[in-house]
Amino acid sequence: MRSSPSRTTAGARAVRPPKAGCRRWAASRLVALLLLLLLTAPTAGRTQALRESSAGATSGAGRYDPRLRFRTISTDRFTLYFHQGEEALASRLAVLVEEVAADVDRRLGPPRGRVHVVLVDQTDQSNGWATVLPYNLIELAAVPPVSQSAIGNTDDWLRMVFAHEYTHVVHLERGGGWIGGLRRVFGRMPLLYPNAFLPDWQVEGLATYVESAVTEQGRVPAGDFRLLLDAAAASDRFLTLDRAGGGLIDWPSGQAPYLYGAYFHEYLAGRYGQESMRRLADRTAGTLPYFGARAFRHVFGRSLGALWADFEADARSRLDAEAAPRQSRRITSHGFNVGAPAFSRDGRLFYSVASPHGFPALMEQPRDGSTPRRIGPRYQGERIATAGDDLVFDQLEVVHHADLQSDLFAVSLRDGAVRRLTHEARAADPDVSPDGRTIVCTVQQTGRRVLAAMEVPVLGQQGTPVVRVSEVATEFSWPRWSPDGRVIAAERRRLGGPSDIVLIDAASSAVRTLVAGGRERNTTPAWLPDGSGVLFASDRDGAFQIHVAEVATGSVRRLLGTGPGARAPVVSPDGRHLAFVGYAADGYDVYALPFESAAWVDVPPAVLPVQTDAPPPAEIGASVDAGGAQSASPPSAVYRPWSTLAPRYWSPIVESRQDNLLVGATTSGFDALGRHAYIATARWAVPGNHPEWQMDYAYARWWPTIFASAANTLEDWRTGEVRTREISSGVLLPFRRVRWSSTAFAGVHAARDAFSCADCTPPIADAVLRRDLRFGWHASTARAFGYSIGAEEGAAVSLTSELTPASSGATAAGAMTLDGRSYWRVIPRHGVIAARVAGASAWGDRHRRRVFEAAGAGPQPSGFDLGSGAVGLLRGFRAADLFGQHAAVVNLDYRFPLGWPQRGLGTLPLMARSIHGAVFADIGHAWDGEFRAADVRRSFGVELSADTVIGYALPLTVTAGAAWRDDPSGRRRGWAAFARAGRAF
């Protein structure tokens, strides 16, 4: 960790603080190191990975649950990492990776070097990521998605997600021509991977296209995924290239690169041949970063813009002009993601909503059609069930600081109180029996999702679901009680098999198939009020449509007039209304139609292939393909990090500082499981002939992250220089939840700062020794959303302290900073009042105590800081205008949005997401001796800011403003302009 050199020598009050930029105490290098440790998906799925890993770096959380004990399996080209409980899945994966890789390589060509694949079961979110820096690394979550989701069109999740992520490796690892020559010199230096700098629609689009080409499933052939593109084309909302590249807030938001990129690549492959995909990947891999658009003219003979226009025209030509009209009525208007509608016994309608306007929530739609009422927060989850005056629902929560797993909760409709019904059960999809006594749900286990049940816990207690039905390599979803409580309807999906609607006897747990699937997905079952049939959604005709299966005969009919994308049906208790989730061009919402007068059409029996209820193989072991073939399990070994920890690249460094030219190199690395990470930098000054070096290391195997650093640096100070030799170490102890986070910090630091200034009057040649104990605590509930112009609710507080014990010839010294901020929503929508109070104080030996600035235009990120700029934010004044041993500031902003352009310039890696303004008032003061209120400075002014996305993924806020300064000394009075990169606070 890096320290700020001491600011005070003899004549301290006249010493101007050193330049900013290297004076952030601890935070900058530690965060960079933790990002290296955690941000292992910078090239695939990069936006989401960046957000999650940045949050992890701030809190100090490791990548994996420390309870997981990993082993390895090696094949000809892959090294697989898995933990206890995953032995069977890892054995199957060891064969699967070679099969899928051979198919992808045939289409795109093989990558260079081994590929490392981590299989982990610690989250209830289906996901994966890949990176090629500093080596080829893939992570796969061993949790299949629910079939009604955007990625649910698969009967073998492991095969599909590996095909997607391996395509990233093949695509991004490429480097030809002069790029390949430079790699032989510099190794895997990030700038030598041009395909990693392509727009998101090109990176994710190719992988999404290939996932379907290899598996014949996935998103491209899925009717509900194609629906998103068709609806956009039909409503003149087809995205332009700049909006599809990454950073879009409007619907389809984060899905846009996958959606448009996948179908654009399908269009190109269909028109110019599959081989053109390989030629395009090769061509972009030989261009400068961010200049890949030129490759399209070389490969296809037309510019990228012209090809995109052809793609849009083709999408419009595919629209069905004779599509059946929608007869249903849209009863909510949120857009984005609305799901899980449920009627209470008295006919009230509840549902969930997730959009970029706020935190996901449970909602009630009043029967009179008035404005929906927010019941309470709900983070993701699949289902809502009613139980008297309570809603029972599932949602995700952070477990053991690294896992994101599902549990069951209940919220009271009377007072909004929320109670937890299960703890670390991985339970989801709840439904409450008609007598209100029993909850049926699913429980995620490694390699399967089982059906379970438990009694509704009494107030103040929690329950444990007991497994009722479990089948090897089988996923159960969406269980629903029959009206008489004797039967449970659910979806069953077997590995390599169809998606069925099954009925489970509540007493005996016997299972029988009601609707046998073929290639289609049959999902979200719900009972008719009289129990005579089961409603469900099926995509057998393209996008999801609502069907009903008669319990007695098994005959199936399809409902007419719902419009496209209808799923999750539910009938009101009086049998008069059918509510369901439907789709429009701005996203999903709740629709309804009269159920008594609904029109149905018979589904021919030939569409429903015969299927028995024979159980799957007794065990999915060793190498099992979709057909069930098995072979012996490959040998495994205990995980060792050393093979992936060695440096893989070096980057040259050339800097100019005063009369010296600094030449050097830097490298970094981390092991496959993210337990170890390091950054090493060395420079040599010419003609000064002195070395500089820095080394940082972090270990995140266990709950606290342990870090250490050492440095020998030379920096400008006044008209001279200061040489700093330092060493530090410490721990970060994170506490993480979905709605809040907290981190404690403790460390030790030792440094020697040697000051020299021959031109100073009098000349200075002094050395200051520091041996410090450092502590910190940071907690935050502050939240921002897609359309936010900054944090718009919650609060954050940071406390840091440094104690320097007495030593030979010097007395003890210390310093402390405190920063508290809070945010309140006001009009207009996404308007915010933001307030901040911060202070810093140093005491003790005057040679060793710190100096703090109270002024400057910012930015002031939240976190640990004891540098000179730890608290300073007084807009209109320069940072060096106001400094002392004590500093205090108060900031008050009213921030308001002006627009969300979400536009860029063609294929340039820059998007303007939002424009917003602010009116502010700042008060600040810094002093050494007695505080004098008459010396307090004030500023009032306005700001104009733009939130941008650079490089298709990295958010950056740029601000220009003007402030009226009130300086009692009279030296700084009147208007002053300022600018900054980043938010004020």
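Not measured: the values here are computed from a predicted model.

Rules behind the numbers
- Residues numbered from 1 in each chain as written.
- Predicted model: local features only at pLDDT ≥ 70, side-chain atom pairs only at ≥ 80, totals over all residues.
- Heavy atoms only, no water.
- Helix = DSSP H or I, 4+ residues; strand = E, 2+ residues; numbered from the N terminus.
- Buried < 20%, exposed > 50% of the residue type's maximum accessible area, 1.4 Å probe, protein only.
- Contact = heavy atoms within 4.5 Å.
- Areas by Shrake-Rupley, 256 points an atom, 1.4 Å probe, with all protein chains shown as cover.
- Axes fitted to C-alpha atoms, helices over the stretch in contact; angles between N-to-C directions.
- Parallel < 35°, antiparallel > 145°, perpendicular 65-115°, else oblique.
- Nonpolar A, V, L, I, M, F, W, Y, C, P; charged D, E, K, R; others polar.
- pLDDT = per-residue confidence, 0-100.
- Expected span 1.5 Å × (residues − 1).
- Arc of directions from axis to C-beta.
- Patch = residues over 30% accessible without salt bridge, like charges linked within 9 Å, V, L, I, M, F, W, Y side chains within 5 Å.
- Salt bridge = Lys/Arg side-chain N within 4 Å of Asp/Glu carboxyl O.
- Pairing = 2+ DSSP bridges.
- Polar contact = N/O pair within 3.5 Å; in protein donor to acceptor, adjacent residues only side chain to side chain.

## Quick look at the overall build of the protein chain
Each helix and strand in the protein chain was counted, giving 13 helices and 50 strands. Relative to its 985 residues, the protein chain shows a buried fraction of 59%. Residue pairs at least 24 apart in sequence account for 59% of intrachain contacts in the protein chain once pairs closer than 6 positions are excluded. Element-wise, carbon and sulfur atoms account for 57% of the exposed surface of the protein chain, whose accessible area totals about 37,800 Å².

## A closer look at the packing of helix 7 (residues 223-234) against helix 12 (residues 304-317)
For the pair helix 7 and helix 12, the least separation of the axes is 9 Å and the interaxial angle reads 95 degrees. Relative to helix 12, helix 7 is oriented roughly perpendicular. Contacts between helix 7 and helix 12 involve R226, L229 and A233 from the former and F311, A315 and R316 from the latter. When the residues that make up the contact of helix 7 with helix 12 are grouped by side-chain class, the tally is four nonpolar, no polar and two charged.

## Observations regarding the confidence of the model for the protein chain
Confidence along the protein chain averages 89 in pLDDT terms, with 90% of residues attaining 70 or more. Every residue in residues 1-31 scores below 50 in pLDDT, and together they form 107 contacts with partners more than four places removed in sequence or on other chains.

## Re helix 12
The first and last C-alpha atoms of helix 12 sit 20 Å apart over 14 residues, in line with the 20 Å expected at 1.5 Å per residue. Along helix 12, the positions that sit buried rather than exposed are L304, L307, W308, D310, F311 and A315. All buried residues of helix 12 project into a common sector of 160 degrees when viewed along the axis, lining one side. Looking at the buried side of helix 12, the elements it contacts are helix 6 (200-215), helix 7, helix 8 (241-244), helix 9 (256-272) and helix 11 (295-300).

## A look at a nonpolar patch on the surface
On the surface, V748, L773, F775, W777, L799, L803, M816, L818 and W843 cluster together into a nonpolar patch covering about 760 Å² of accessible area. Of all the secondary-structure elements, those providing two or more residues to the nonpolar patch are strand 39 (764-780), strand 40 (794-804) and strand 41 (813-826). When residues in the nonpolar patch are grouped by element, the largest group, three residues, is from strand 39. Relative to the elements of secondary structure, V748 occurs in strand 38 (residues 741-757).

## Things to note about the pairing of strand 27 (residues 567-571)
For strand 27, the buried fraction is high: five of the five residues fall into the buried class. Bridge analysis of strand 27 against strand 28 (residues 577-584) gives three bridges, and the strand direction is antiparallel. Counted as the bridge partner of V570 is A579 from strand 28. The loop that links strand 27 with its antiparallel partner strand 28 comprises five residues; one of these, G575, has a positive phi angle of about 75 degrees.

## Thoughts on the sheet that holds strand 14 (residues 418-420)
Overall, antiparallel pairing links the four strands, which are arranged 11-12-13-14 in an open sheet. The sheet is open, and its two borders are formed by strand 11 (384-387) and strand 14, each paired with just one other strand. Between one strand axis and the next, the sheet turns by 40 degrees as a mean value, whatever way the strands run. Judged from the 10 bridges that link them, strand 12 (residues 390-399) and strand 13 (residues 403-412) form a sheet pairing that is antiparallel. Opposite V392, over in strand 13, you have A410 as the bridge partner.

## Thoughts on the sheet that holds strand 29 (residues 587-594)
Ordered by their spatial adjacency, four strands build an open sheet running 6-29-28-27, and the pairing between neighbours is antiparallel. Two strands lie at the open edges of the sheet, namely strand 6 (329-330) and strand 27, each paired on one side alone. Two strands pair when backbone bridges link them, and strand 6 and strand 29 are joined in this way by two bridges, in the antiparallel orientation. Along strand 29, the bridge assignment pairs R329 with A592.

## Section: the environment of G669
Within the secondary structure, G669 is located in strand 33 (residues 660-670). Along the primary structure G669 and Y135 are separated by 534 residues, whereas in three dimensions their C-alpha atoms are 9.4 Å apart.

## Some details on the environment of G436
Inspection of the secondary structure puts G436 in the loop between strand 15 (427-432) and strand 16 (438-445). Spatially, the C-alpha atom of G436 lies 8.9 Å from that of T386, the residues being 50 residues apart in sequence.

## Topic: the side chain of D845
Turning to its location among the elements, D845 is positioned in the loop between strand 42 (831-844) and strand 43 (852-853). At a separation of 3.2 Å, a polar atom in the side chain of D845 contacts the main-chain amide nitrogen of T811. In contact with D845, not counting residues within four places along its chain, are A810, T811, A812 and A813.

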